[in-house]
Structure formats: structure tokens, C-alpha cells
Amino acid sequence: MFSRSALRSLASELRWTAPSTISSAAPLQQRACLHQSASLMNSQQPQSQSASSHPESPLSATPRAQDTQPKSHQGVKASTFDETTMTPQTRAHVPIAKQPVAPTFNSPLEVTKSLMSQLPHLAGQKPHYVVAQLHARPYLLTEGDHIRLPFLMPKVKAGDILRFNRASALGSRDFTMKGTPTIDERIYECRVRVTGVDAEPLRIKEKTKRRQRHVKQAKSKHRYTLLRVMDVRVKTPDELLAEGAVVVEDSADSSVIEPRS
């Protein structure tokens, strides 16, 4: 059995001898690493010299042609119009099924001489207004107005463009054109866009009968179509003549443009 003093002396001797062995081993490892790196450099130098003396491909003095287009734009196809995600901007973008049906007329438009002479004054003075007739109700409209119809218009949805073709009056700030009783729709254009559907609050009405305790509840929630006037325009005499209008003599039942007093 060893005493405590002997164990302490042995431990102190180990402490002094261990650093010396570690420090002596470190230079040997460094020398080995330096020897290996030097041998690798010597072996790579002949290969680099042979590669530089005999290049694989000849060098040209002129620069090679480069592609002027960036790589990011190569292979990109031209953007096409998507009917499901984009809003149509022109008539060509609107599907054929949704394009308006052109009206058919049996006879050409007849315009009197007095109307043809006064029409440039009305067409040149903007903005225009129109008194449109819809279900026997007059609507005074100008460009940019919002309309709330007192009913739900069937077979229309938000985004559809409608044309009002029945008007009793058409005018501007200083001129007014009255129809007899209506103005021919080929003289003007009034286009509106369906913006949505509005609904009133739910109304509940209680109905009872005499000598009966039963009470009935009648519920009503009406919906209305919302419109926005996109364009109110009066055609010029040149446009009417290009569309096939015929100039006739004045008559009693013809439309006349009157200056406002």
C-alpha cells in the first residue's frame, strides 16, 4: 500500500513531465506537415509548366462574339392576353359571346338639313346629358353618374356594358335636342357599366286577422342593380354620313336642336 505522501510526489512528477512530452511532439508534427506540402508543390510545378507550354486550344487576339441579350430574357415567350385574369381593354379582348349585338335597321338614318347644320354645335360642346327612358321612367344621365335602379335587372352581372337606346332628350349646356317622341339611337351613344347589386335591410311585417291569435310574418329583402355611366356622346355629321345617313328636307315631325334661353 502506498502512503498519501508517495502518491502526491508521483502526481507532481507526472505534471512536470507531461508538458515536455507534448511540446516535443508538436515540432515533429509541424515538420511532417511542411515536408508533405513541399513535396506536393514540387510535383505540381512540372504539370503546370507542361500545360502552359502546350495549351489545348490556340488563343485568339480578337474577342469572341457574345450574345447581346441577357440570359434572363432568353426563352421568355411573348405575353398573351388571359381572359380569366385580366380586364379587357379593347373590343378585340372581349370574347365573341359577350360582345354587343349590332342593331339591325330596315332603312337608313334620315337627317334633316337644319339638324345637320346645327349638329356640329351640339357635338362640339361637352359634356352632354341624355334623358334616357327605362321601363317608362326618365333618367337624367351624364358621364360619371351612378344609378341605382329600383329593380333587379335580370341576366346581367358585374362588369357588363349596356347601351341605352331610348332617349327623349339630348343636349349640352347651350343646346337641347328633343325627340318625337324619342331620338334615333344612331345619333348618340350612351353606355353604362354594371357595377354590382345592392340589397336593402331585411324587413319583417306582421300580419294578423280578426279574431285569430295566429300572427304571420312576411319577410322582404329587395335587391337593386347598380350602374355607372361610362360614356355619353353625340356623333358628328361626318360620322353619320360615313354610317350611311341620308339628308332629307325638313318636316314637322323631325327632331330639332333648340338653343337654351
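What counts, and where the lines are drawn
- Residues numbered from 1 in each chain as written.
- Predicted model: local features only at pLDDT ≥ 70, side-chain atom pairs only at ≥ 80, totals over all residues.
- Heavy atoms only, no water.
- UniProt positions renumbered as here; feature names shortened; annotations may be inferred.
- Phe/Tyr/Trp six-rings, centres within 6.5 Å; stacked < 30°, edge-to-face > 60°.
- Lys NZ or Arg CZ within 6 Å of the ring centre and 35° of its normal.
- Helix = DSSP H or I, 4+ residues; strand = E, 2+ residues; numbered from the N terminus.
- Pairing = 2+ DSSP bridges.
- Axes fitted to C-alpha atoms, helices over the stretch in contact; angles between N-to-C directions.
- Buried < 20%, exposed > 50% of the residue type's maximum accessible area, 1.4 Å probe, protein only.
- Polar contact = N/O pair within 3.5 Å; in protein donor to acceptor, adjacent residues only side chain to side chain.
- Patch = residues over 30% accessible without salt bridge, like charges linked within 9 Å, V, L, I, M, F, W, Y side chains within 5 Å.
- Areas by Shrake-Rupley, 256 points an atom, 1.4 Å probe, with all protein chains shown as cover.
- Salt bridge = Lys/Arg side-chain N within 4 Å of Asp/Glu carboxyl O.
- Lys, Arg positive; Asp, Glu negative; His and termini not counted.
- Charge placed at Lys NZ, Arg CZ, Asp CG, Glu CD.
- Contact = heavy atoms within 4.5 Å.

The protein chain goes by Large ribosomal subunit protein bL21m in an unreviewed UniProt entry, where it is assigned to Penicillium solitum. Turning to the protein chain, the UniProt record has this under Sequence similarities (unreviewed entry): "Belongs to the bacterial ribosomal protein bL21 family."

Caption draft 1: Looking closely at the packing of aromatic side chains. Per the counting criterion, the structure on display carries zero aromatic pairs. Over the face of the ring belonging to phenylalanine 105 we find arginine 186, whose NZ or CZ atom lies 3.9 Å from the ring centre.

Caption draft 2: Summary view of unusual backbone geometry. Residue proline 127 is bonded to the preceding lysine 126 through a cis peptide linkage, with omega at 0 degrees. With respect to the helices and strands, the residue proline 127 is situated in the loop between α2 (113-124) and β2 (129-134). Cis geometry marks the peptide bond from threonine 180 to proline 181; its omega dihedral reads -5 degrees. Tracing the sequence through the fold places proline 181 in the loop between β7 (175-178) and β8 (188-199). Notably, histidine 135 is not glycine yet its phi reads approximately 55 degrees, a positive angle. Its place among the elements puts histidine 135 in the loop between β2 and β3 (137-142).

Caption draft 3: Molecular detail of the sheet that holds strand β13 (residues 256-259). Spatial ordering of the open sheet is given by β3-β2-β6-β7-β13, a layout of five strands whose pairing is antiparallel. Two strands close off the open sheet at either side, each with one partner strand: β3 and β13. Neighbour to neighbour, the strand axes of the sheet diverge by 20 degrees on average, direction disregarded.

Caption draft 4: Looking closely at the sheet that holds β8. With respect to topology, four strands assemble into an open sheet ordered β4-β11-β8-β5, the strand pairing being antiparallel. The sheet is open, and its two borders are formed by β4 (146-148) and β5 (161-163), each paired with just one other strand. Geometrically, the sheet is characterised by an average inter-axis angle of 35 degrees between neighbouring strands, direction not taken into account. The sheet contact formed by β4 and strand β11 (residues 223-234) spans three bridges and is antiparallel.

Caption draft 5: Region of the structure containing the side chain of histidine 128. Positionally, histidine 128 belongs in the loop between α2 and β2. Residue class for histidine 128 comes out buried when judged on its relative accessible area of 3%. A distance of 2.6 Å separates the side chain of histidine 128 from the backbone oxygen of leucine 122, its partner in a polar contact. Polar contacts involving the side chain of histidine 128 include one to the main-chain carbonyl oxygen of glutamine 125, which spans 2.9 Å.

Caption draft 6: Spatial organisation of a positive patch on the surface. A contiguous patch of positive charge on the surface is contributed by Lys205, Lys207, Lys209 and Lys216. Assignment of secondary structure puts lysine 216 in strand β10 (residues 215-220).

Caption draft 7: Spotlight on the environment of lysine 221. The topology assignment puts lysine 221 in the loop between β10 and β11. The spacing of lysine 221 and glutamate 200 is 21 residues in sequence and 5.9 Å in space, taken between C-alpha atoms. For lysine 221, the contacting residues outside a window of four places in its chain are Ala199, Glu200, Pro201 and Leu202.

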